[in-house]
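Descriptive analysis of the structure
Each chain, written out:
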Amino acid sequence: PFAKDKLPEGQKIETAEALVAAAERKGGQALFMMGFVGHAMARYNFQPDGVNDDAWTVPLMVVYWVITNVVAFCMMIVVFATTCIAMQLKDMDPEFAEQGEVLAQRYVPVMWVARNLFVAGIYALLVAAGLMAWGTSQKCGDPLIPEGACYLDVWYVPASCCGVALIIVAAFRSYVRVSSEGLSEAEATEGDPASRPEAIIASLTHVGWSSTLASGFVMYNIATFDTDVIRAANYYATQAMGLTWWGIAFLWANWVAFAGGIAVALCVYTVGDRFSELKTEEDKIRFVRTLRAPALLCSLLQFLSLNAFLVAFGLFGMAKMDPIRVESFVVTVLGFVVIWSELLIIRRKHQEASEVPTTIEAIDLVCWVDQLGRTSFKQRFEKDLAQLQTAAPRSLMFGGFAYNAVSFLFRPESVFAPTYIMGMGACFATALYLTLVNSTIKMYVVQLETPGQREYFCRSLAGTLGRARVASVSHVVFFLGAFVVMGFIKKWTYVAEDGNEPTQIVYAEQYGFLQTVGGLVSLAAVVGIVTRLEKNAGMVRNLSVVPESQFKWKELLSDVDLFADATSFQAGNVFYEVLFSAINTGDEMSTYAYFAFSVVTLVLGVISIVAATQISYWVNELPTQAHKSCFALCSHSYQLVLSRMYSASVFTWLIAVCFSSAVKYENLWYMSLGWSGAAVVGLAVVMGYISAAAAPLEMTDFSKKSQEVVIQWAAQRKKALLSDKVLRPAVEAGDTSTCACCGAREF
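Everything quoted here is computed from the prediction, not taken from an experiment. (Residues numbered from 1 in each chain as written. Predicted model: local features only at pLDDT ≥ 70, side-chain atom pairs only at ≥ 80, totals over all residues. Heavy atoms only, no water.)

As for the overall build of the protein
Going by this rule: Per the convention used, a helix needs a DSSP run of H or I reaching at least four residues, while a strand needs a run of E reaching at least two, with both numbered from the N terminus. For the exposure calls, accessible area comes from a 1.4 Å probe over protein chains only, and a residue counts as buried if that area is under 20% of its type's maximum, exposed if over 50%, partly exposed in between. Two residues qualify as a contact provided that any one of their heavy atoms is within 4.5 Å of a heavy atom in the partner residue.
Scanning the protein from N- to C-terminus turns up 28 helices and 4 strands. Residues counted as buried form 52% of the 747 residues belonging to the protein. Partitioning the intrachain contacts of the protein with sequence separation of at least 6 by distance along the chain shows that 84% fall at a separation of at least 24.

Quick word on unusual backbone geometry
Positive phi is not limited to glycine here, since Glu147 has a value of about 60°. Topologically, Glu147 is positioned in the loop between α4 (132-136) and α5 (156-181).

Some remarks on the confidence of the model for the protein
A low pLDDT score tells you not to read the predicted coordinates there in detail. Inclusion rule: Per-residue confidence from the predictor is reported as pLDDT, which spans 0 to 100.
Of all residues in the protein, 81% attain a pLDDT of 70 or more, and the chain-wide mean is 80. Note that pLDDT drops below 50 for residues 1-14; the model gives that stretch 20 contacts with residues more than four away or on any other chain. Predicted confidence is poor over residues 185-194, with pLDDT under 50, and the contacts of this stretch with residues over four places away or in other chains come to 18 contacts.

A short note on a nonpolar patch on the surface
Applied cut-off: To count toward a patch, a residue needs a relative accessible area above 30% and no salt bridge. Like charges then connect within 9 Å, nonpolar side chains (Val, Leu, Ile, Met, Phe, Trp, Tyr) within 5 Å. To be clear on the numbers: accessible area is Shrake-Rupley with a 1.4 Å probe, and residue cover counts the displayed protein chains and nothing else. Each reported salt bridge corresponds to a side-chain nitrogen of Lys or Arg within 4 Å of a carboxyl oxygen of Asp or Glu.
Together, Trp246, Ile324, Val326, Phe329, Val330, Val333, Leu334, Val337, Val338 and Met422 make up an exposed nonpolar region whose accessible area comes to about 860 Å². With 6 residues, the top contributor of residues to the nonpolar patch is helix α13 (residues 327-354). Structurally, Met422 is set in helix α16 (residues 417-445).

Some points on the nonpolar core
So the rule is basically this: The nonpolar core is taken to be a set of buried Ala, Val, Leu, Ile, Met, Phe, Trp, Tyr and Cys residues, with the residues joined through side-chain atoms within 4.5 Å.
Grouped together as the largest cluster of nonpolar side chains are 180 residues, with contacts concentrated most on Trp255, Tyr420 and Ile441. Ranked by residues supplied to this core, first place goes to helix α9 (residues 245-277) with 17 residues. Discounting chain neighbours no more than four positions away, the residues touching Tyr420 are Ala405, Leu409, Ala482, Val485, Met486, Ile489 and Leu579. Leu19, Ala86, Ala104 and Met111 belong to the second largest nonpolar core, which has 12 residues in total.

A few points about the state of the cysteines
Put simply, the rule reads: Pairs of cysteine sulfur atoms within 2.5 Å are what we label disulfides.
For the structure on display, the rule yields 1 disulfide. Each sulfur of the disulfide joining Cys140 and Cys150 lies 1.8 Å from the other. Linking Cys140 and Cys150, the disulfide has an S-S dihedral of approximately 50° and is accordingly described as right-handed. Here Cys140 is found in the loop between α4 and α5, whereas its partner Cys150 is found in the loop between α4 and α5, with 10 residues between them in sequence. Under the relative-accessibility criterion, Cys140 is labelled partly exposed at 21%.

Written out as structure tokens, the structure is:
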């Protein structure tokens, strides 16, 4: 339809790419905001009965409901519009790039509408959050609650936090807009950090991304403060806790974490949005030079938000549990010491790296010269950053699991509760450690002027990177260790007459073994995968002559990451099912099937995530393209395994849902069975058709090629062992390589 449309002569073909990037950025942010709106609307509690209703309560409840619907209206349109724009422009054939630019020009008015709706939604969101005490509060003056406490008694907490955040966001947007319109003439000098504007913006993006971690996880807590903290008797068959000092501190910590995280995310979004509107490289450089004060503000808000997030986790045991559990507080204190000690180390190393003379190049730091004058180059900068990036994002998912696992511990009096809290707390702290180390290192890297300084910085962080490597595996181990005992601390039924601990122990002994078996199987699989892949990487790295291989290692990484991310979706859903769902005491078969298939789905998801993370780590660890290709060839079987595990997890998830209605809604047992059963049959037919269509195709047998690599490695290893009597005296005599810069030695 656009074949006759032409762009003005000399116009660059860049509008479509910029529009797609802006659409994906706005759509992702709007989708995140919809998560908060969902909690805010689901917990709305409008109860005007004329009792204890002052002149402000009912009107503000109505205002809260109206504004949350306005936010939902704005954000849903933004998500829909940006998704459609990105899909349409990405579907354009590259051969018709010019026509794609014409189409992009026609979408510009739609993006203008989406941008303004998003801005309106931002301010409405913060206003709605400030009114949450009115919108989600239960009735005050309830005689069953100590002193008749309710959320409205502490209305000033959300109102003040969101009010400050609203002022900060509005002032920040005005400052960025004014400063970007009055850019002064300036030239970027060589080595000036501003000469890399995209890197600076990427650094700020990492700050905003890590800040959304805090605000995302505390959404549920700020919406359910009345029911889950003040009226905790809903879950513990004891007197309601009321509004204690621990509860107030917990509320403050959650709201500071939420408001600070939202403010940072929106400020960073403002910077990125304005940066994308600049056309020339000179304007981008000048704009970045105006960001020193805004970047400092974002860093301070991030620091405040994440500290409040840690404090909120530490207060779970005192604010929400009866009897009080201090284990989460102990883990938080230890986490504070470890995390901020590591951040201080990173800061000190950054200061040392910034003092390295700008005349030193990266090659001066990575050039090793042996006694015969032979040189080798071992650069670490890009490799280290890539390895951090493979582990940090997925650790957030397990950190979120652990955070909510402690938040929803409804049997704190159970014998295994301390073990469970310590395990999940260690997982949470380790995941947060890995996330903060990743974002902090990336933030500091872009502030260094020369490649030599960046290389020195990464090399000086060998200890930190080693600990991050351990954390990338240990946080999963902590999670699975706590999951082993989950069946013995889980609340199996919420019926009042069965809520006592002796009855819960009987149900735990009957069904708790499902989580125990699943956790132990996952632990064994994780240990096996980590050991096997490390062995493969060591084998390939020690090859003196790397066999030629055309195996596409980048495609392997893309495939395993795709399957792992897809499987983690099922894992995330079934984790909460296993954590929350109650049993049907009248239908044991359906209960066993429901929980068993849910646990299997979770196990498959955990194994997939660990395998994908380890493959990505070791591919980035190997020095050359040939080594990477060879390792990918030896590990290609994991690609097939992950594909089958994803397919299996879909089926096990759907089979679990088949029994969901029988467990939860006994009279409607046929509902989930009918729909999910139809999905199982449909998937089986489609997958069978695809397999039949692929059967005639000729597939490469990579197993034989990988066996050739193992045989070649064994031959080289045997040759090295036979000549060990010759090599060892030379090594002991000091035949070593020496770093030309720092004088370090290695055999």
